[in-house]
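Residue-level structure breakdown
Below are the chains, spelled out letter by letter.
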Amino acid sequence: VARDQKVAGQLNELFCLFALARFGWLTSHQVGQLLWPSITNSNDKARKVLARLVSTKCAKKTVLQGSRTRQIRAYFLTPKGIKRVTEHPKLHAGVRVKETKRSVTDQRYQYHRMLSNQILIDVSQGRLRLPFQVGEKPLFFSEHETNKARHGMFESLGCIPDGILKAENQLLIFEIE
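Quick look at the structure, then. (Residues numbered from 1 in each chain as written. Predicted model: local features only at pLDDT ≥ 70, side-chain atom pairs only at ≥ 80, totals over all residues. Heavy atoms only, no water.)

Topic: the overall build of the protein
Along the protein, the regular secondary structure elements total 7 helices and 6 strands. Helices and strands in the protein line up, N terminus first, as α-β-α-α-β-β-α-α-β-α-α-β-β. Long-range contacts, defined as pairs at least 24 residues apart, comprise 56% of the intrachain contacts of the protein with a sequence gap of at least 6. (Helix = DSSP H or I, 4+ residues; strand = E, 2+ residues; numbered from the N terminus. Contact = heavy atoms within 4.5 Å.)

A few points about the sheet that holds strand E5 (residues 163–167)
Reading across from one edge, E4-E5-E6 is the order of the 3 strands in this open sheet, with antiparallel pairing throughout. Whereas interior strands pair on both sides, the edge strands pair on one side only; in this sheet they are strand E4 (139–142) and strand E6 (170–174). On average, adjacent strands in this sheet sit at an angle of 10° to one another, irrespective of strand direction. Two strands pair when backbone bridges link them, and E4 and E5 are joined in this way by 4 bridges, in the antiparallel orientation. (Pairing = 2+ DSSP bridges. Axes fitted to C-alpha atoms, helices over the stretch in contact; angles between N-to-C directions.)

Regarding the pattern of salt bridges
In this structure the tally under the stated criterion is 4 salt bridges. For arginine 84, the salt bridge goes to glutamate 13, with nearest N and O atoms at 2.9 Å. In this pair, arginine 84 is assigned in helix H4 (residues 79–86) and glutamate 13 in helix H1 (residues 2–23), connecting sequence segments 71 residues apart. For glutamate 13, a relative accessible area of 11% gives the class buried. Residue aspartate 44 pairs with arginine 47 through a salt bridge whose shortest N-O separation is 2.5 Å. You can see aspartate 44 and its partner arginine 47 sitting in helix H3 (residues 42–55), 3 residues apart, about one turn around the helix. With relative accessibility at 37%, the residue aspartate 44 sits in the partly exposed group. Among the charged side chains, a salt-bridge network with shared partners connects Glu13, Arg52 and Arg84. (Salt bridge = Lys/Arg side-chain N within 4 Å of Asp/Glu carboxyl O. Buried < 20%, exposed > 50% of the residue type's maximum accessible area, 1.4 Å probe, protein only.)

As for H4
Along an α-helix, a turn takes 3.6 residues, which lines up residues three or four apart on a common side. Among all positions of H4, only Gly81, Ile82 and Val85 are buried. Buried residues in H4, looked at end-on, bunch into an arc of 100°, giving them a common side. Buried residues belonging to H4 abut H1 and strand E3 (73–77). (Arc of directions from axis to C-beta.)

Some thoughts on the pairing of E5
Here E5 lies mainly inside the structure; 4 of its 5 residues are buried. Relative to E6, E5 runs antiparallel, the two being bridged by 5 bridges. Within E6, the residue paired with leucine 165 across the bridge is leucine 172. The antiparallel hairpin formed by E5 and E6 contains 2 residues in its connecting segment, where glutamate 168 sits at a positive phi of about 50°.

Side note on the packing of H1 against helix H2 (residues 28–35)
In the contact formed by H1 and H2, the axes pass within 11 Å of each other and the chain directions differ by 110°. In terms of axis orientation, H1 runs roughly perpendicular to H2. In the packing of H1 onto H2, the handedness of the crossing is right-handed. Packed against H1, whose contacting residues are Phe15, Cys16, Ala19 and Phe23, the element H2 presents Val31, Leu34 and Leu35 at the interface. Across the contact of H1 with H2, the residue classes break down as 7 nonpolar, no polar and no charged. (Parallel < 35°, antiparallel > 145°, perpendicular 65-115°, else oblique. Left-handed = near helix turned anticlockwise from the far one by under 90°. Nonpolar A, V, L, I, M, F, W, Y, C, P; charged D, E, K, R; others polar.)

A look at the nonpolar core
With 31 residues, the main nonpolar core has Leu26, Leu53 and Leu165 as its most contacted residues. When residues in this core are grouped by element, the largest group, 7 residues, is from H1. (Core = buried A, V, L, I, M, F, W, Y, C linked by side-chain atoms within 4.5 Å.)

This is how it looks when you write it as C-alpha cells:
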C-alpha cells in the first residue's frame, strides 16, 4: 500500500509539473480544477502536491500582486522542474516551452494571464456554456505556449492569442481584454 501511495504521489507531481510547463504558472485552485476536476477536495490535493514540488525545488511560488489580503499564490517551474518534466519519456513531447524565466509571472500581466488560463481550463473541462461543442478532451494551447510560437499564423492575426482550442472541426482563438 505504501509503495502504491508513493507511485501515485510521484504521478501527481508529474501531472502538476506538466500543467505548469504548459501554462507557465497556475494557482493551486487552477491546478486542482485542471487535474482533478471531479473530486471535491481538488484544491487541497493541488496545494499538497505543489508544496512538495516547492520543497524539492522543482517549483517556486509567488503572491499575485492584485490579491491583497487573500494572498493568492501562483506556482511556476524552476529549471530543475523543467528538467524533470522534459526528461520524462512520455511527457517531453508535450512540453512546448523548454525553459523557464522569472518574467513568466510579470506583475503587469498577472491578472490577464490568470483570466486567460482560467477560461481555457473552464472551456477544456466543459464548465462554460458555449454555443458549440468542444468534445470530450479538446486539444488546447495556452498563452504561455503560443507566446513561444511568435511567427507563422500569428503574424497574419496581428496578435498572439491568449488561448487556442481545437474543438471537433473548429479552431477557437481566445483573446482576453
